[in-house]
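# A closer look at the structure
Listed below, chain by chain, are the residues.
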Amino acid sequence: IGIFTAIYLVEYGDGKRIARGITFLVDVMTGIPSIVAGLFAYALFVVFFGPGVRMGLAGAVALSVLMIPVVVRSAEEVLKLVPNELREAAYALGVPKWRTVVKVVIPTAIAGLGTGVTLAIARVIGETAPLLVTVGIANATNVDPLDGRMATLPVYAYYQLTQPGVPPEFAIDRAWTAALVLIVLVMGLNLVARLISRLFAPTTGR
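Summarised in this report is the structure supplied together with it.

About the cut-offs
- Numbers given for residues are sequential positions, taken from 1 along each chain in its written order.
- Given that this is a predicted model, residues contribute local features only at a pLDDT of at least 70 and side-chain atom pairs are listed and counted only at 80 or more, while totals for whole chains, interfaces and linings are drawn from all residues.
- Side-chain descriptors were evaluated using all non-hydrogen atoms of the structure, hydrogens and water having been removed beforehand.
- Helix and strand definitions follow DSSP, with helices as H or I runs of at least four residues and strands as E runs of at least two, each counted in order from the N terminus.
- Each residue's exposure class comes from its accessible area (1.4 Å probe, protein chains only) as a fraction of the maximum for that residue type: buried when under 20%, exposed when over 50%, partly exposed otherwise.
- Within 6.5 Å between ring centres, the rings of Phe, Tyr and Trp (the latter by its six-membered ring) count as paired, and their orientation is classed by plane angle as stacked under 30 degrees, edge-to-face over 60, tilted in between.
- A side-chain nitrogen of Lys or Arg and a carboxyl oxygen of Asp or Glu constitute a salt bridge if their distance falls within 4 Å.
- Two residues form a contact once any of their heavy atoms are found within 4.5 Å.
- Polar contacts, as counted here, are pairs of nitrogen or oxygen atoms within 3.5 Å of one another; within protein the pair requires one atom able to donate a hydrogen and one able to accept it, and residues that are adjacent in sequence qualify only if both atoms are side-chain atoms.
- Interaxial angles span 0 to 180 degrees and are taken between N-to-C directions of axes, which are lines fitted to C-alpha atoms, for helices over the stretch in contact.
- Roughly parallel refers to an angle under 35 degrees, roughly antiparallel to one over 145, roughly perpendicular to one between 65 and 115, and oblique to any angle outside these ranges.
- In a left-handed crossing the near helix is turned counterclockwise from the far helix by less than a right angle, and in a right-handed crossing that turn is clockwise.
- In this count, Pro and Cys sit with the nonpolar residues alongside Ala, Val, Leu, Ile, Met, Phe, Trp and Tyr, while Asp, Glu, Lys and Arg are called charged and the others, Gly among them, polar.
- Nonpolar cores are built from buried Ala, Val, Leu, Ile, Met, Phe, Trp, Tyr and Cys residues. Side-chain atoms within 4.5 Å join them into one set.

### Some points on the environment of Leu-63
Relative to the helices and strands, Leu-63 resides in helix H4 (residues 56–80). Residue classification places Leu-63 among the buried residues on the basis of a relative accessible area of 17%. Expressed as a C-alpha distance, the spacing of Leu-63 and Tyr-158, which sit 95 residues apart in the sequence, is 17 Å.

### Structural notes on the packing of aromatic side chains
Describing an aromatic ring pair means giving the distance of the ring centres and the angle of the ring planes. By the definition in use, this model includes two aromatic pairs. Ring centres 5.9 Å apart and planes at 15° place the aromatic pair Phe-45 and Phe-49 in the stacked group. Note that Phe-45 and Phe-49 are positioned in helix H3 (residues 34–49) at a spacing of four residues, about one turn of the helix. Among the residues examined, Phe-45 registers a relative accessible area of 7% and is labelled buried.

### Some thoughts on the pattern of salt bridges
Within this structure, the stated rule accounts for five salt bridges. Two residues, Asp-27 and Arg-73, come together in a salt bridge whose shortest N-O distance is 2.4 Å. Separated by 46 residues along the polypeptide, Asp-27 in helix H2 (residues 17–30) and Arg-73 in helix H4 bring together distant segments of the chain. According to the relative accessible area criterion, Arg-73 is partly exposed, its value standing at 25%. Residue Glu-76 is joined to Arg-73 by a salt bridge in which the shortest nitrogen-to-oxygen separation is 2.8 Å. Placement of the pair is Glu-76 and Arg-73 together in helix H4, with a separation of three residues, close to one helical turn. A cluster of three or more residues bridged by salt bridges with shared partners is formed by Asp-27, Arg-73, Glu-76 and Lys-80.

### As for the side chain of Thr-5
When you line up the elements, Thr-5 lands in helix H1 (residues 2–12). Setting aside chain neighbours within four positions, we find Thr-5 in contact with Ile-22 and Val-72.

### What to know about the environment of Glu-76
Given the relative accessible area of 7%, Glu-76 is considered buried. Spatially, the C-alpha atom of Glu-76 lies 9.8 Å from that of Glu-11, the residues being 65 residues apart in sequence. Reaching out from Glu-76, the side chain makes a polar contact with the side chain of Arg-73 at a distance of 2.8 Å.

### A few points about the side chain of Thr-100
Along the chain, Thr-100 falls in helix H6 (residues 97–124). Within polar-contact distance, the side chain of Thr-100 engages the backbone oxygen of Pro-96 at 2.9 Å.

### With respect to the packing of H1 against H2
Running from N to C, H1 and H2 cross one another at 135°; their axes reach a closest spacing of 10 Å. What the angle tells us is that H1 and H2 run oblique. Judged by the twist between their axes, the crossing of H1 over H2 is left-handed. Of the residues in H2, those touching H1 at Thr-5, Tyr-8 and Leu-9 are Ile-18, Ala-19, Ile-22 and Thr-23. For the contact of H1 with H2, the per-class residue count stands at five nonpolar, two polar and no charged.

### Considerations on the nonpolar core
If you look at the biggest cluster of nonpolar residues, it comprises twelve residues: Ala-37, Leu-63, Val-65, Leu-66, Met-67, Val-71, Ala-120, Val-124, Leu-131, Val-135, Met-150 and Val-155. Listed by contribution, the elements that provide at least two residues to this core are H4 and H6. Per element, the largest residue contribution to this core is five residues, and it comes from H4. For Leu-66, the residues in contact, after removing those within four places along its chain, are Ile-32, Pro-33, Ser-34, Ala-37, Arg-123, Val-124, Glu-127 and Pro-130. By size, the runner-up hydrophobic cluster in this structure holds ten residues, among which are Ala-6, Ile-7, Leu-79 and Val-82.

Fair warning: the whole summary comes from geometry, so function is off the table for now.
Here's what the structure looks like:
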């Protein structure tokens with residue numbers, strides 16, 4: 001959603017009123033606290049499923065609300081860096097605009113797009129407040145995103161630190177382990193983004 005929005009703003013929305021409205025909305029969303037995103041997702045799902053709803057999909061929506069403006073802003077700046085000469089060369093050959101975007105603009109900016117998505121994931125991977133509101137906490141593993149509370153690493157680490165039990169040393173060790181797993185996940189996603197950018201970036205040889 002974020003990448004498509006950035007493509008519209010850069011390639012199709014120049015000077016249009018709806019593009020200015022989207023830009024203003026993205027600016028507003030960039031500064032909202034994470035708990036507001038959680039309350040928004042919770043209120044949205046209460047309308048459809050009733051009060052007290054807890055499900056993984058609601059947590060995904062809350063984190064998406066936090067991620068999308070980061071992706072839009074980073075992708076927009078990367079797409080603006082693509083030289084206009086590349087677009088004009090494609091137009092001169094009779095290539096339609098949508099195909100120019102798919103075959104020229106996106107491959108040229110793929111490295112920056114991957115970095116923007118990775119930054120957005122890193123932005124939300126440690127969020128606790130929206131998950132507490134929308135997903136809750138569970139001791140057992142629940143793999144159904146449409147039914148019931150779920151165990152999440154940020155909330156798990158939070159509860160292990162705030163309610164360690166007696167003796168507290170074991171719970172604190174588990175909290176540090178959860179934090180380490182989150183860091184490893186971010187590093188893995190960063191490596192995947194770099195691999196994607198290397199595989200799909202256009203060749204610069206003669």
